[in-house]
Amino acid sequence: MYSKPELAEKARELLVFVEAICRGEKPHGYPPELFKLIYNMAHDGFLGETPESYVTLQHEDPNDLELRKHKGVTSVHPISAKLQERRGRLDTDAHAAKIYNYKVLGLDPYFRLNFMHDWTEYPDAVELAEDARTLILTRGDMHSLRQALQVIIAKAEDDIRVKDTTLIIQNSGTSQANSEPFWSPLLSYLGLKAPHTKALESIGIYVTLFRGNAINNSEAKESTFHVLKTLDAGTMALAPKADRINALIKINDLIAVASGSGHKPIETKGSFDEMRARIRAESLGSLITHKPREAEEDNCSYEGNNLQKMRETHHVIHTLGYDEVCKMLCPEGKGPEDVWIIFDDRGFDFMDHRIVKTNAFAAAKPQFNPYENKHHPGAELASLLKTHSRKEIFEQMLKGAIEEIEAEGGAPVDTTVLDCACHIAVRLDWFKEKDPNKIKYIATMATRRSGALTHPQPDVKVTQTDHYLYPLTYNEGVAPEDIETKAQIDKYVETQSEVAGSLRTLGALTGIAEHSKAVSGFKRSFQAAVGRPPQDRYKIATIHTLFPSINGHGPQHLHKAMNGTFKLMSGHNKRYNLEPFINPRVNRFNKSPRRANDEHRDQVEKALTTLRRLYEDADGFILGNDSPDLKRIPGLKFLKTLFATSLTVGKQVDDRAIKAKFFGIIGDDWKESFENMFHHMSQTAALLNRWQDITSNYKGKLQLKDAMQTFVEGYIRPHTHNKPVEHKADGKKMPSDLFRVTIYCSASLGKDMQATKDAKRFTFGLAQNGFGIINGGGREGLMFATSEGVHDFRTWWSKHHKGQPAPRNHVTSYQCHDTKEREGGWHPKNEDAIVFKHIEQRMANLMNTDAEVLLAGGAGSVQEIAASLLMREWGMMPTKNRPLIIVNELLNNVPVYEPLIQMLSASERKRMNIHVVNTIEEAEAVLIASREALAQDLGPGQIYIPTPENQPMPALDRKLKVA
């Protein structure tokens, strides 16, 4: 029998658990009906994590902190695209009937935020009764349920605030997780199974079975629409109050995307463009002088990873000073209320749990969340891609998993994946709050179901996950040979993907729909906003700009594509003149030095700084065909590789001089030095960027002209800021008698990769043999491993040879501000570290060494080697007894540097002292021989070589110790 006191008591009991889940806790001892509801929410796309992530299961230990961590941070509860879609369907029918005065529970961001001390309480959802005559609980999430329970309690206790408010519980349809309507577990727990739900109408609570519509369900008493029509027409024709948070994205607002991934600002802008939003979207890192560190993304959930990114940005903003950041991000006449910073995390889950438990996925398991109820890889996708190529994940692992499962005779393999994207948007003025736990934000999410293929489609050189995943809704009933992947469907990412769904939800919550009403005159208002006079032409550089003696820019009639808006930069003012540095194969110094020194470094720095000036001054770059005069430049292939990879790396690390500028290719002369190398490296985990995120190829001047004109509409000329050189406070310089070895390698490859383990083993041996190590710093990847190998050796020595003199060694890290901010500094035990103004100054100092070794790496490593090859070719660095060693080991079963090696002829290798080896043992042998030769040249006491008694550890032991 229904009674109001019993209803209030039951609702309050359930609310205790629901509020705990909303706070991100993992309650134990919850009623089984609640877990059914969580399953409904997760399976229908209202939650971003697996159901087990939100509670502690009955057999699990609620005090197991490691278990709680692996379940993931779940305190954000972003508004799902599904919830926004439910409101959209209601609006379509209700607005047609002039019914407006209602709100869908869970959608107002204000009532989802926790403003109170210690993050324990939410604004009272009963206050929603002040905002609308009717409150509707459609299918929804935990906050929808929390708000409904609070209103039910208020109704049952005759709270005057909800006396005239109607609550509709729309228990429509059948959940994907269960065979009963969505909210049936809630009604069952509250004791409101039919016929008791009818009695609720006396206190203004209605339970409907479906939404209904204006055409054929308007009189069906079971429909939501029928209930709405029975209410006072005059009252229901009034508009509800606006959401409590004043959060409108206005025309000309700036969207700053806080991500180090090049494709995310592009996709964000594309999605907003498809909404007809009139905004500007840029990478946050290209707009402020200090970039937030790359988040560790170890929160085991999309929500938690985004919170971590938001807090990293909060730290940077308050380190720089809130007012200073406002000056950087706010154009003239604009304020912090006109700037939005967006964070996102995304990934996919294999829905068939058996897939990731096969032997085929054994190599990937170290990257997976150890919680057994996670589908994988989910929020760990980024770390997985740092270790394995897309080709490995799909063509080898997934294919192998299918074969294993089929061989066991189990049920057919379901290759469905659940794509998820989660965003957090924070207006700049909200960042004024000094406590990062009290920042206001709007969080959204969307999920989509896709099928996974074991072959890329289309079969292109640079494969991404979009080439292996196909949307199920697009391919329902389609023959296998006709399936279209995300990469094949035009504008799928911008309009229909999980990313688009999450951003469209954000747009719906922030008034983006109003932008389309003001399309006319937008370009004029945009140009006025950025304050650029029309006569100020955009400056476009080519590699020809570096040589005053060369006329033309390669492609014939390239200047016609400029259309008067752009200006091709010539080299005639000699500001960017590289010609004085060209002196092939001749040592330009008065004395013939036998060893690289500061004089060499200063000359190299002058040459590379000339390139830096060009990057800073230009508004865009075009790589075109070489003119006949350019082809006569010595070392042209190395210069072109350096030029192209510098632009690539600049976009990767958010270099303010490069990031937001135009970058296009026209013609075929860059394939050998850049494009083919990019495609080859993209087959491995060393290069995660997509080709279109870095540059675009244009077939002719008309296509190029259109692309540049589009670029102008969103371009804001950046103001570069050269920061001073910084030294480690307690830094100890490397002793001059140590043979210095500079190691170029990746800063991001996963720690479980063989290449990363080999890097640590390599420097373990170099430390044993008394070498000094120079690297590029970084807090992960091979760069961190090369520091760690030295420190591991020292620990080993102190344990096994206590009191005996150890071989002398040293580690120095060189970074620039762009890489330090992105990669987070260096190994804390390194003796010395310097942060240089820009990457070119960093490269010049890395070259001031006795030997260079290239281990597995990405575009940044190729950039550094290209610079070294060019300086060797131009005679600006000695080559005798100063080897450059390319370790061409396999990365994801691909010899990563094969295109680079193919650029070098046998005579060039010999002349420039270049060695190509396959193992670190071979590299170590070259270094030992080179040191012996240099020591003989310089004479006794100039180069330190440890005595045999200081190297008592066999090589085999070393391998076993650190492998």
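Fair warning: this is a prediction, and the values are worked out from it, not measured in the lab.

Draft legend 1. A look at the pattern of salt bridges. Enumeration according to the criterion identifies 54 salt bridges in this entry. When the shortest N-O distance is used, the salt bridge between Arg 911 and Glu 873 registers 3.0 Å. Of this pair, Arg 911 sits in helix H29 (residues 906-911) while Glu 873 sits in helix H27 (residues 859-873), placing them 38 residues apart in sequence. On the accessibility criterion, Arg 911 (32% relative accessible area) is partly exposed. Among the residues examined, Glu 873 registers a relative accessible area of 5% and is labelled buried. Lys 880 is paired through a salt bridge with Asp 937; the nearest N and O atoms lie 3.3 Å apart. With a gap of 57 residues between them, Lys 880 in the loop between H27 and strand E23 (884-887) and Asp 937 in helix H30 (residues 920-938) connect regions that are remote in the sequence. Here Asp 937 falls in the partly exposed class, since its relative accessible area comes to 25%. Taken together, the shared-partner salt bridges connect Glu 127, Glu 130, Asp 131 and Arg 244 into one network.

Draft legend 2. A look at the sheet that holds strand E18 (residues 740-744). Reading across from one edge, E17-E21-E20-E19-E18-E22-E23-E26 is the order of the eight strands in this open sheet, with mixed pairing throughout. Two strands bound the open sheet, and with one partner strand each, they are strand E17 (726-727) and strand E26 (914-917). For strand E20 (residues 810-816) and strand E21 (residues 832-836), the ladder comprises five bridges, and the chain directions are parallel. Bridge pairing links Thr 812 to Asp 832 in E21. Helix-sheet contacts for helix H24 (residues 781-800) involve E18, strand E19 (772-775) and E20, and the interaxial angle to E20 is about 160°.

Draft legend 3. Focus on the nonpolar core. The biggest cluster of nonpolar side chains holds 120 residues, and the ones touching the most others in it are Phe 643 and Leu 927. Counting residues in hydrophobic clusters, the runner-up holds 116 residues, among them Val 227, Ile 255, Ala 277 and Trp 430.

Draft legend 4. Structural detail: the sheet that holds strand E13 (residues 566-568). One open sheet accounts for five strands, arranged E13-E12-E14-E15-E16; its pairing is parallel. Edge strands, defined here as strands with exactly one partner in the open sheet, are E13 and strand E16 (696-698). Each adjacent strand pair in this sheet contributes to an overall mean axis angle of 30°, direction not counted. Relative to strand E15 (residues 662-666), helix H22 (residues 701-714) is tilted by about 175°, and along the sheet it contacts strand E12 (538-541), E13, strand E14 (620-623), E15 and E16.

Draft legend 5. Highlighting helix H2 (residues 32-43). End to end, H2 covers 17 Å across 12 residues, agreeing with the expected 16 Å (1.5 Å per residue, within 8%). All of the buried residues along H2 are Leu 34, Phe 35, Leu 37, Ile 38, Asn 40, Met 41 and Ala 42. Here the buried face of H2 lies against helix H1 (4-22), helix H5 (142-156) and helix H6 (184-189). Two residues or fewer past H2, Gly 45 is found with a positive phi of approximately 90°.

Draft legend 6. Spatial organisation of the confidence of the model for the protein chain. Scored by pLDDT, the protein chain has a mean of 89; 92% of the residues are at 70 or more. Note that pLDDT drops below 50 for residues 520-532; the model gives that stretch 24 contacts with residues more than four away or on any other chain. Across residues 954-963, where pLDDT falls below 50, the model places 13 contacts with residues more than four positions away in sequence or in other chains.

Draft legend 7. Up close: the pairing of E12. As defined by bridge partners, E12 adjoins E13 across three bridges and the pair is classed as parallel. Across the sheet, Tyr 538 pairs through a bridge with Phe 566, a residue of E13. Taken together, the two bridges between E12 and E14 define a ladder with parallel strand orientation. Bridge pairing in E14 places Ala 541 opposite Phe 621.

Draft legend 8. Broad picture of the packing of helix H23 (residues 754-768) against H30. For the pair H23 and H30, the least separation of the axes is 10 Å and the interaxial angle reads 30°. It follows that H23 is roughly parallel to H30 by the angle criterion. Considering how the two elements wind past one another, H23 and H30 form a crossing that is right-handed. On H30, the residues that touch Asp 758, Arg 761, Phe 762, Gly 765 and Leu 766 of H23 are Ile 920, Glu 921, Ala 923, Glu 924 and Leu 927. Here the contact of H23 with H30 is composed, by residue class, of five nonpolar, one polar and four charged.

Draft legend 9. Layout of H5. Its 15 residues give H5 an end-to-end C-alpha distance of 21 Å, which sits within 8% of 21 Å, the value for a rise of 1.5 Å per residue. When you tally the buried positions in H5, you get 15 out of 15 residues, the bulk of the element. The backbone nitrogen of His 143 has a side-chain oxygen 3.1 Å away, supplied by the residue at the start of H5, namely Asp 141. Within two residues after H5, Asp 158 carries a phi angle of roughly 60°, on the positive side.

Rules of the game
Throughout, residues of each chain are indexed from 1 in the direction in which the sequence is written. Thresholds applied to this predicted model are a pLDDT of at least 70 for local features of residues and 80 or more for the giving and counting of side-chain atom pairs; totals over whole chains, interfaces and linings are not thresholded and use all residues. Note that the side-chain values use all heavy atoms of the structure and ignore hydrogens as well as water. Salt bridge, as used here: a side-chain nitrogen of Lys or Arg that lies within 4 Å of a carboxyl oxygen of Asp or Glu. Only DSSP runs of H or I with at least four residues qualify as helices, and only runs of E with at least two residues qualify as strands; both kinds are numbered from the N terminus onward. Relative accessibility under 20% of the residue-type maximum defines a buried residue, over 50% an exposed one, and the middle range a partly exposed one, all with a 1.4 Å probe and only protein chains included. At least two bridges found by DSSP between two strands is the condition for calling them paired. Any two residues having at least one pair of non-hydrogen atoms within 4.5 Å are treated as being in contact. Interaxial angle, 0 to 180 degrees, is taken between N-to-C directions of lines fitted to C-alpha atoms, where a helix line uses only the stretch in contact. Definition of nonpolar core: a set of buried residues of the types Ala, Val, Leu, Ile, Met, Phe, Trp, Tyr and Cys, connected through side-chain atoms within 4.5 Å. Residue count minus one, scaled by 1.5 Å, sets the expected span of a helix. Residue-level confidence of the predictor is what pLDDT reports, using numbers from 0 through 100. The labels follow the angle: roughly parallel below 35 degrees, roughly antiparallel above 145, roughly perpendicular from 65 to 115, and oblique for the rest. Take the far helix as the reference: if the near one is turned anticlockwise from it by less than a right angle, the crossing is left-handed, and if turned clockwise, right-handed. By the convention adopted, Pro, Cys, Tyr, Trp, Phe, Met, Ile, Leu, Val and Ala count as nonpolar, Lys, Arg, Asp and Glu as charged, and the other residues, Gly among them, as polar. Any pair of N or O atoms that falls within 3.5 Å is considered a polar contact. Within protein, one atom must be able to donate a hydrogen and the other to accept it, and sequence-neighbouring residues count only if both atoms are side-chain atoms.

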